[in-house]
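Examination of the molecular architecture
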Amino acid sequence: MMNGEIKNKISILKEAIVTDRLVIFAGSGISLDSGLPLWGSLLEGIKKNLNEEIRGDDALKIAQLLYNEKGEKEYYDIVKELLYKDSTEKYNNLHEMIFKLNPQHIITTNYDNFFEQIIENEGLDFSVVVKDEDLPYAKFKNLLIKYHGDFENHNIVLKENDYLEFSKCNLPQKPEHLKI
């Protein structure tokens, strides 16, 4: 028999599904069975591509060092290679099971296109939002929100400057006429 807390969470989940209010948040673990690395493995790969030995695990700073050292093109090439070197480049059962839950929205920090593959293959009514400009043009009420961008749009959020710029974009701005 399940304890009360688990029963309550399952009840909340079922209610969200029935009322079309289910939102799924999917991190790197979702794509692990497709051969993509978890955060720690990606970080280790980035460290190996730096000219100097780095101790510590401040991922944002380490990714920033790679960018500063290699430049934009090589940085993107290295990160993409690290992500996809062992990949099947195809979605897995977890991706499929998420859609079977009939979520209203899926929010992911992953850069891969596995959710998009299912949307396209199954003809699902989901709009993909990879950048702010995509939102007003969403054709469907169901959204796949790629919170940290993707390689296709060249807007991944991984290094320190990405997070700094990202947070600036999401801060309320003073209207132009109020600036002094």
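Keep in mind that what you see is a predicted model, and the values were worked out from it rather than measured. (Residues numbered from 1 in each chain as written. Predicted model: local features only at pLDDT ≥ 70, side-chain atom pairs only at ≥ 80, totals over all residues. Heavy atoms only, no water.)

With that out of the way, let us pick up the overall build of the protein. Counting secondary structure elements, the protein contains seven helices and four strands. Beginning at the N terminus, the succession of helices and strands in the protein can be written as α-β-α-α-α-α-β-α-β-β-α. Viewed in the frame of its principal axes, the protein has a C-alpha envelope of about 55 × 50 × 35 Å. Taking the contacts inside the protein whose residues are at least 6 apart along the sequence as the reference set, 61% of them involve residues at least 24 apart. Approximately 11600 Å² of the protein is accessible, and the part contributed by carbon and sulfur atoms is 53%. The protein carries 22 positive and 31 negative side-chain charges, and their two centres are separated by 4 Å. (Helix = DSSP H or I, 4+ residues; strand = E, 2+ residues; numbered from the N terminus. Contact = heavy atoms within 4.5 Å. Areas by Shrake-Rupley, 256 points an atom, 1.4 Å probe, with all protein chains shown as cover. Lys, Arg positive; Asp, Glu negative; His and termini not counted. Charge placed at Lys NZ, Arg CZ, Asp CG, Glu CD.)

So, about the packing of aromatic side chains. Following the criterion strictly, the structure yields seven aromatic pairs and no others. Ring geometry for Tyr75 versus Tyr76: centroids 5.5 Å apart, planes at 90°, classification edge-to-face. Here Tyr76 falls in the buried class, since its relative accessible area comes to 10%. The rings of Tyr67, Tyr75, Tyr76, Tyr84, Tyr111 and Phe151 are connected pair by pair, giving a single aromatic cluster. Between the NZ or CZ atom of Lys90 and the centre of the ring of Tyr91, over which it lies, the distance is 3.7 Å. The lysine or arginine in question, Lys159, covers the ring of Tyr67, its NZ or CZ lying 4.3 Å from the ring centre. (Phe/Tyr/Trp six-rings, centres within 6.5 Å; stacked < 30°, edge-to-face > 60°. Buried < 20%, exposed > 50% of the residue type's maximum accessible area, 1.4 Å probe, protein only. Lys NZ or Arg CZ within 6 Å of the ring centre and 35° of its normal.)

Between helix H2 (residues 39-48) and helix H4 (residues 72-84), the least distance of the axes is 10 Å, while the angle of their chain directions is 135°. The angle between H2 and H4 falls in the class oblique. Taken as a pair, H2 and H4 cross one another with a handedness that is right-handed. In this structure, H2 uses Leu42, Gly45 and Ile46 to contact H4, whose residues at the interface are Val79, Leu82 and Leu83. Residue composition of the contact of H2 with H4, grouped by class: five nonpolar, one polar and no charged. (Axes fitted to C-alpha atoms, helices over the stretch in contact; angles between N-to-C directions. Parallel < 35°, antiparallel > 145°, perpendicular 65-115°, else oblique. Left-handed = near helix turned anticlockwise from the far one by under 90°. Nonpolar A, V, L, I, M, F, W, Y, C, P; charged D, E, K, R; others polar.)

For the rest of this paragraph, the subject is the side chain of Asp162. Within the secondary structure, Asp162 sits in helix H7 (residues 160-169). A relative accessible area of 15% means that Asp162 is categorised as buried. A polar atom in the side chain of Asp162 sits 3.0 Å from the backbone nitrogen of Leu158. Residues contacting Asp162, with those up to four places away along its chain left out, are Tyr75, Ile156 and Val157. (Polar contact = N/O pair within 3.5 Å; in protein donor to acceptor, adjacent residues only side chain to side chain.)

For a regular strand, side-chain orientation follows a simple rule: the groups alternate between the two sheet faces. Here strand S1 (residues 23-26) shows a clear split, with Ile24 and Ala26 buried on one side and none of Val23 and Phe25 buried on the other. Inspection of the sheet shows S1 paired to strand S2 (residues 105-108) by four bridges, in the parallel sense. Counterpart to Val23 in the pairing with S2 is His105. (Pairing = 2+ DSSP bridges.)

Here helix H1 (residues 4-18) spans 21 Å end to end across 15 residues, near enough to the 21 Å set by a 1.5 Å rise per residue. Where H1 terminates, the next one or two residues include Asp20, which has phi positive at roughly 60°. (Expected span 1.5 Å × (residues − 1).)

At Asp20, a residue that is not glycine, the phi angle is positive and equals roughly 60°. On the secondary structure map, Asp20 appears in the loop between H1 and S1. The exposure class assigned to Asp20 is partly exposed, which follows from its relative accessible area of 25%.

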